[in-house]
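# Geometric and topological summary
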Protein chains: 2
Amino acid sequence: MGDRAAVEKVLAEAAAEGRSSLTAPEGRAVCEAYGIPTPAERLATTAEEAVTHAEAIGLPVVLKIVSPDILHKTEAGGVLVGLRDAEAVRAGFAKIVENAKAYHADARIVGVQVQQMLTEGQEVIIGSVTDRTFGKVVAFGLGGVLVEVLKDVTFRLAPTSTGEALSMIDGIQAAEILRGVRGADPVDRDALAAVITGLGELVADFPQLSEVDLNPVLATPHGATAVDVRILVDPDAAKEPVRFTQEEILASMNRIMKPASIAVIGASAEAGKIGNSVMKNLVNGGYAGEIHPINPKAAEILDRKAYASITDVPGDVDVAVFAIPAKFVPAALEEVGRKGVAGAILIPSGFGETGNIELQDEVVAIARKHGVRILGPNIYGYYYTPENLSATFCTPYDVKGGVALSSQSGGIGMAILGFSRSARMGVSSIVGVGNKADIDEDDLLTFFEQDDNTQLVAMHLEDLKDGRSFAETAKRVSQHKPVVVLKAGRTSQGAKAASSHTGALAGDDKVYDDILRQSGVIRAPGLNDMLEYARGIPLLPTPKGENVVIITGAGGSGVLLSDACVDNGLSLMEIPPDLDTAFRAFIPPFGAAGNPVDITGGEPPSTYRNTIALGLEDDRVHALILGYWHTIVTPPMVFAELVAEVVEEYRAKGIHKPVVASLSGDVEVEEASDYLYDRGVVAYPYTTEKPVAVLGAKYRWARAANLLPNLSQR
Amino acid sequence: MGDRAAVEKVLAEAAAEGRSSLTAPEGRAVCEAYGIPTPAERLATTAEEAVTHAEAIGLPVVLKIVSPDILHKTEAGGVLVGLRDAEAVRAGFAKIVENAKAYHADARIVGVQVQQMLTEGQEVIIGSVTDRTFGKVVAFGLGGVLVEVLKDVTFRLAPTSTGEALSMIDGIQAAEILRGVRGADPVDRDALAAVITGLGELVADFPQLSEVDLNPVLATPHGATAVDVRILVDPDAAKEPVRFTQEEILASMNRIMKPASIAVIGASAEAGKIGNSVMKNLVNGGYAGEIHPINPKAAEILDRKAYASITDVPGDVDVAVFAIPAKFVPAALEEVGRKGVAGAILIPSGFGETGNIELQDEVVAIARKHGVRILGPNIYGYYYTPENLSATFCTPYDVKGGVALSSQSGGIGMAILGFSRSARMGVSSIVGVGNKADIDEDDLLTFFEQDDNTQLVAMHLEDLKDGRSFAETAKRVSQHKPVVVLKAGRTSQGAKAASSHTGALAGDDKVYDDILRQSGVIRAPGLNDMLEYARGIPLLPTPKGENVVIITGAGGSGVLLSDACVDNGLSLMEIPPDLDTAFRAFIPPFGAAGNPVDITGGEPPSTYRNTIALGLEDDRVHALILGYWHTIVTPPMVFAELVAEVVEEYRAKGIHKPVVASLSGDVEVEEASDYLYDRGVVAYPYTTEKPVAVLGAKYRWARAANLLPNLSQR
């Protein structure tokens, strides 16, 4: 726990002087207050005092100018290193003051800092910035110019636990350096982790510390010391977004996703109008609740009584779907609010996305006033299949299942719909979030977490309104249900204009990537991957360990499947001798046991069957990847049927292991793949990559959710 | 040009003493002979001589033991650095000799090297190893432990041109360091390139130099000096594989691919036998040449007269397809050889792949004796559609087109066949190379290069018998026709036991990757990518420049398509103001010009049409990526038809630009994508990645073939 009072005192002084940066001694005091070691140092106001201090601290020393008006000391000639004796210190003092005055004639010079000169250790950088999406984050990387060029740095939300801090130290590409190479001793990882956790606590306690650079921190086998400290203060950096509680979110979201009564504002009888499509989809989709068209000019629409205003509707209304132009939304939303509606589904565009931010802000203010939550604006609507609810102008969707999807873009929403229909993917919900004026991924996750109809959540997003809240929610949800994220816009706008080194290293996407991973989210590299992960992951049982075995009829597929395992972070099991013997009993003498188990081409169905059964039976094996080779002896559908049968047989015995398959052959392998997929074996034709990628995604989730033993550090 | 005589003298001395490594002064002499600067140094045999030399060279100096029996000087305490005066040099001489004797009592001590101590410059490593696939390769990387950990090193075939050497310096991840960062001066790239080219020439002239480490080379703004030189000699490293000339290859390959007469050894009338399948496929596939079944027990097979031996067949035979067990192959091949057949297609397995290497060697020897080339053994056969030739036991293939494919594995061959059939891909040839006992990818490339029926070659391979020959052939062929390679087995067996630093850095796949890229080959990351590249690249016209424009109806697709452009090395054009104005004239005021051009959803077909036409018309735009969003206003097939029409319209005007499309929408986008693909627009549903990946592959090829201006260094 930090010494808050000491930091408050420093910040009060800086504030009193209207300063937005701390001096080096102030920075050091702040660090020490949170247990971050800094070099021994003393402030000297005269050359003689500098000599006395230097002799007390121990030579050699570094001298540094201390002035609230000089931020870049090196540029100002305000730093001298390696002063080895009293005479050098005395002369150095004079020189440094002279340089400072030449650099900035009016600079207030507090004195010269005499600092212990650390000459050994590995340079690292530890810092903190205020990210516009995630708020306070801490950064860790090796120091020096090479690392800056390679941008080998990693980020976490602040504060961090000791485990997270250690995962940062292990998480950079050059981590091996810190473990000691070419016979060097490893650095003190615990000491480094303590600096990271200390800094995280510091900025969490004092969010007005907008940027902190500890650069370099010198790490040795026996400790870690922050040699240089730079701290910027900005009261704006302490601002936090408004958040709803989990209870508040669920109260609204349950009414929105499972409404008893829906009003359609701007319902229309005229085909081609959005207000007509929405009505038709609600009715034809089979929604069983009340549907109330709102239209002052109609008496009835699609056989339902129409009302001039939602306030005329008898009884409660849970959801109001808006199918009217943007400019009419505020007035209608006032009525919706007075009616006590839980959710306003704002289909219309013409808000923030066209630059009309005032209108969007006005609408949000009205919603807040009445406690209405807004979905959108600028969306296609949403689906919730357990209620047969298609509140959208697109076509209804009716293949029920456990996958919930959301998209920030309408175009991507349509791709989700088309893919799902084409692949017959079982879906619980598809939600367009559009401009996210109010409801965002965080609200959706909170609903899907407790929704028994949803087993997996897949989200396309371009930004997060409140990344910290999302990360925390995703971390909680992903313990129970896989969360797949397609983060679009990886081409960052480049590093923002940042005054700190840490800031300069914080490209948008790197921060997203590290924090999403830390939240247990499975990040999909592209749209198709997101869709395939969403489709496949729920079908695969959760593996009980890391031992993956490839069984293949084609040696060539085995090699490519092995490549794919490496690409997807899967571990090919080292087959124990007894299991190897058991496999060999089933395969020809020139086949290869080991892993891949190459049963060779031209084998009859029984060879596939026996080896697969062995892999399912042996409890040291945790997942199977099958490589099929089309032959006359074992045609594609024969393979598919035998695999489905043996997998089902073991399921009936209570043995559930993920099985994926790559089918190489003539066009009949397409039908065989579909047959297998329908029976819970994730199978694809003409690709060795896709089945392994889906299995890899399942493993990434299982590891993050701590469902696998022993490998939490991966 | 190097001083060969000087090197020969050194090597003769080493050989005379039976040494497999050169001493430091020998290494220095060898380097200097090829224009590689080394520090000034002299050999001292007494302490006083060392002092004299040190004063002549200039202090400080380094002292190093010179002994043919001490390879690892540092370990032996045989190196002292930073000796600043005569006294230190004198004492150092004594110390170093004492250390050496303590380390190895019987070591022959030639003397102590007194070397100029270079204290400034960027450390780099330049080296050469003898790769088992590619022979002599040179390596370049930054020096120091960090780079060793990050394995940031690049390889080229030796010798290299100056341009290739410069591409190595620019090709490492940390290249920016050498260009000068944080105000540092850039290093002398020409001097570094000269060291690389000098080393390349040296090892090309003296292939018995099995490993050379110049580590470190110190690069400054004014030169580059090899501070430490380590050279290993191994006569085996000079061995080169036997190669056929291009004329010899073509003489055989033309007869094999376009035979006038084919014999089937082991032809059979019995369904289910391989010799029956091959006969049926030849006959039913529509092959118009002579087909001669060889079977001593039959008079006729499939209405063709059968012969007891191929020697009984009247007239010449070009190809003999073997459908007999492995053990009968040698005798039959003798007869085939005596008949003067050009190619023996060895379908049977049971050779090298099952460990029967003697049988395989025997068969190759027979073939060589008679001038027969062997395809296989252990293959499915081959297809050449222009001749309606399906010499395989698989099913015939008849969709003719310009794509030639080969696979090392039968399983992958079947995936090629199935994918091709399913996608209706126009194919000229599919060839199984199997064990590659003789004919390999090099022979195939040489044939396809001059085959007017082939526009693109795609090859699955697990290894290369003669990587240097393949690289040289691929470099030549890819100037005219794209060569796509799926290299399986990227999981290297780990760095081989190597005694040099360069060797330790040379993981198999890194060497493959660098050299394939340098050969102009498009490397496919996976099986499906290889197939999609093969299918799409020939349809796209070659772009005339780097300016890619995205036109999208869905902002969300635009973001993902932009991400995909970055991933695939494509340059989004900076739209000039006049073109921006022209685009804006067609799109709604809240749409976004710039790039992506976001025409917004809900626009009529004319908006797509006008903006696409503008992109085709303006000759500053070189390629278009379209993002379609399914709406009622512009349904999928309306979009597909208008795009096909406008593209065709501009083709008729002589304007050929690559156009690819990503279609987001309900299932109708599948039909629309197929419609576009059939008309030369590479289009996919539900993915933003695939169309851009194919365009990116086309660009990679075009750049490597120098068909694009100004960007040869990419």
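It should be emphasised that the depicted structure is a prediction, and the values quoted were computed from it without experimental measurement.

Summing up its helical and strand segments, chain A has 24 helices and 30 strands in all. Judged by the C-alpha coordinates and their principal axes, chain A covers about 90 × 80 × 35 Å. Looking at chain A residue by residue over its 714 residues, the buried ones come to 59%. The contacts of chain A with a sequence gap of at least 6 include a subset with a gap of at least 24, amounting to 71%. Accessible surface computed for chain A: about 26300 Å², of which carbon and sulfur atoms make up 51%. Here chain A holds 64 positive side-chain charges and 92 negative ones, and the gap between their average locations is 3 Å.

Whether parallel or antiparallel, the strands of a sheet pair through hydrogen bonds between backbone atoms. All names here are of chain A. Taken in spatial order, the four strands line up as 1-4-2-3 in an open sheet, and their pairing is antiparallel. If you trace the sheet from one side to the other, it starts and ends with strand 1 (41–44) and strand 3 (79–83), each paired once. Sheet twist, expressed as the average angle between the axes of neighbouring strands with direction ignored, equals 20°. Across four bridges, strand 1 lies against strand 4 (residues 111–116) in antiparallel orientation. Its bridge partner being in strand 4, Leu 43 is matched across the sheet by Gln 113.

Moving on to the nonpolar core. Judged by nonpolar contacts, the single largest core of 100 residues is most densely connected at A:Leu214 and B:Leu214. Excluding residues within four positions of it along the chain, A:Leu214 makes contact with A:Cys31, A:Ile36, A:Val124, A:Ile125, A:Ile126, A:Gly127, A:Val195, A:Leu199, A:Ala226, A:Asp228 and A:Val229. Counting 92 residues, the second-largest nonpolar core is a separate cluster that includes B:Ile412, B:Met414, B:Met530 and B:Leu708.

All right, on to the relation of the copies chain B and chain A then. In the superposition of chain B on chain A (RMSD 0.1 Å, axial shift 0.0 Å), the rotation amounts to 180°. The transformation relating the two chain copies, once decomposed into turn and shift, fits a two-fold axis. Considering only C-alpha atoms, the part of chain B nearest the rotation axis is B:Leu146, at 4.3 Å. Of the residues that chain B buries at the interface, 98% are likewise interface residues in chain A, meaning the two copies contact each other through the same surface.

Before going further, it helps to examine the domain arrangement of chain A. Residues and elements named next belong to chain A. When cut into domains, chain A gives domain 1 (40–117), domain 2 (122–233), domain 3 (246–537) and domain 4 (540–713). Of note, the centres of domain 3 and domain 4, computed from C-alpha atoms alone, are 38 Å apart. At the interface, 15 residues of domain 3 touch 16 residues of domain 4. Carbon and sulfur atoms supply 50% of the area buried between domain 3 and domain 4, which totals about 1300 Å² over both sides. Between domain 3 and domain 4 we count two salt bridges in total. Note that Arg 424 is salt-bridged to Asp 678, the shortest N-O span being 3.4 Å. Connecting domain 3 to domain 4 are eleven residue pairs in polar contact (both at pLDDT 80 or more). Elements that contribute at least two residues to the side of domain 3 that touches domain 4 include exactly strand 24 (522–523) and helix 18 (527–536). The leading source of residues in the side of domain 3 that touches domain 4 is helix 18, at five residues. Class assignment for the residues of the side of domain 3 that touches domain 4 results in four nonpolar, six polar and five charged.

Okay, helix 22 (residues 636–652) of chain B next. Residues and elements named next belong to chain B. Across its 17 residues, helix 22 extends 24 Å between first and last C-alpha, which sits within 8% of the 24 Å expected from 1.5 Å per residue. When we look at burial in helix 22, the residues that qualify are Pro 636, Phe 639, Ala 640, Leu 642, Val 643, Ala 644, Val 646, Val 647 and Tyr 650. In this structure, the buried residues of helix 22 make contact with helix 21 (605–617), strand 28 (623–629), strand 29 (659–664) and helix 23 (668–678). Once helix 22 ends, the next one or two residues include Gly 654, with phi positive near 85°.

The positions UniProt marks with the feature "domain: ATP-grasp" (unreviewed entry) are residues 28–64 of chain A. A helix fraction of 46% and a strand fraction of 22% characterise residues 28–64 of chain A, whose end C-alpha atoms lie 13 Å from each other.

This paragraph deals with the interface of chain B and chain A. In this complex, chain B contributes 63 residues to the contact, which on the side of chain A involves 62 residues. The contact between chain B and chain A buries some 5000 Å² in all, and 65% of this surface belongs to carbon and sulfur atoms. Taken together, the connections running from chain B to chain A amount to two salt bridges. Where A:Arg421 meets B:Asp666, a salt bridge forms, and the shortest distance between an N and an O atom there is 2.8 Å. Counting across the interface, chain B meets chain A through 18 residue pairs in polar contact (both at pLDDT 80 or more). Counting only elements with at least two residues in the side of chain B that touches chain A, the list comes to helix 5 (145–150), helix 7 (175–178), helix 13 (410–423), strand 23 (483–487), helix 18 (527–536) and helix 19 (555–567) of chain B. Among the elements that make up the side of chain B that touches chain A, the one with the highest residue count is helix 13 of chain B (ten residues). Within the side of chain B that touches chain A, the residues separate by chemical class into 26 nonpolar, 24 polar and 13 charged.

Definitions and limits used
Residues numbered from 1 in each chain as written. Chains lettered and ligands numbered in written order. Predicted model: local features only at pLDDT ≥ 70, side-chain atom pairs only at ≥ 80, totals over all residues. Heavy atoms only, no water. Helix = DSSP H or I, 4+ residues; strand = E, 2+ residues; numbered from the N terminus. Buried < 20%, exposed > 50% of the residue type's maximum accessible area, 1.4 Å probe, protein only. Contact = heavy atoms within 4.5 Å. Areas by Shrake-Rupley, 256 points an atom, 1.4 Å probe, with all protein chains shown as cover. Lys, Arg positive; Asp, Glu negative; His and termini not counted. Charge placed at Lys NZ, Arg CZ, Asp CG, Glu CD. Pairing = 2+ DSSP bridges. Axes fitted to C-alpha atoms, helices over the stretch in contact; angles between N-to-C directions. Core = buried A, V, L, I, M, F, W, Y, C linked by side-chain atoms within 4.5 Å. Least-squares fit on C-alpha atoms with pLDDT ≥ 70 in both. Domains from an automatic or database assignment. Buried area = accessible area lost by both parts, 1.4 Å probe. Salt bridge = Lys/Arg side-chain N within 4 Å of Asp/Glu carboxyl O. Polar contact = N/O pair within 3.5 Å; in protein donor to acceptor, adjacent residues only side chain to side chain. Nonpolar A, V, L, I, M, F, W, Y, C, P; charged D, E, K, R; others polar. Expected span 1.5 Å × (residues − 1). UniProt positions renumbered as here; feature names shortened; annotations may be inferred.

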